[in-house]
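Topology and contacts: notes
Residue-level listing of the chains:
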Amino acid sequence: MSTDAGARHFDICGPLPGPGVTVLEASAGTGKTFAIAELVTRTVAEGLAPLSEILVVTFTRMATGTLRDRVRARLVSAEAGLGRLLDGDWARLGVLADA
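Quick caveat, the model's predicted, so the values are computed rather than measured.

1. Some remarks on the overall build of the protein chain
Secondary structure assignment for the protein chain yields 3 helices and 0 strands. When burial is assessed residue by residue, the protein chain has 18% of its 99 residues classed as buried. By sequence separation, contacts in the protein chain at least 24 residues apart represent 52% of the contacts at least 6 residues apart. For the protein chain, the accessible surface area stands at approximately 8000 Å², while carbon and sulfur atoms represent 59% of it.

Okay, structure coming up:
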């Protein structure tokens, strides 16, 4: 079995990929949808790109719907959490410091 010499291990807490195309390839059930939702959320939250400049592609209509719903839910959750943080609700968001 061959592997791409340029491929690297993906770490959701690590540095975000640079500008350009990023390909996330993995087997079923490995967390691709979660990882994509996190990548989109971090990219937008960290100001690296506006949502209008991000294109996410998947292969089936069902996967597209699932991905769209999860990305949307993650963005809404992040916005709510950051809003509470900015409003001074440190107690409920203290777990972020441990992440």
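2. Overview of the packing of helix H1 (residues 32-45) against helix H2 (residues 61-86)
Two numbers describe a pair of packed helices, the interaxial angle and the distance between the axes. Interaxial distance between H1 and H2 falls to 9 Å at its minimum, and their mutual angle equals 45 degrees. When the axis of H1 is compared with that of H2, the two are oblique. In this structure, H1 crosses over H2, and the sense of that crossing is right-handed. Counting all contacts with H1, which are made through Thr33, Phe34, Ile36, Ala37, Glu38, Val40, Thr41 and Val44, the residues of H2 involved are Thr66, Leu67, Arg70, Val71, Arg74, Leu75 and Ala78. Residue composition of the contact of H1 with H2, grouped by class: 9 nonpolar, 3 polar and 3 charged.

The rules behind these values
Residues numbered from 1 in each chain as written. Predicted model: local features only at pLDDT ≥ 70, side-chain atom pairs only at ≥ 80, totals over all residues. Heavy atoms only, no water. Helix = DSSP H or I, 4+ residues; strand = E, 2+ residues; numbered from the N terminus. Buried < 20%, exposed > 50% of the residue type's maximum accessible area, 1.4 Å probe, protein only. Contact = heavy atoms within 4.5 Å. Areas by Shrake-Rupley, 256 points an atom, 1.4 Å probe, with all protein chains shown as cover. Axes fitted to C-alpha atoms, helices over the stretch in contact; angles between N-to-C directions. Parallel < 35°, antiparallel > 145°, perpendicular 65-115°, else oblique. Left-handed = near helix turned anticlockwise from the far one by under 90°. Nonpolar A, V, L, I, M, F, W, Y, C, P; charged D, E, K, R; others polar.

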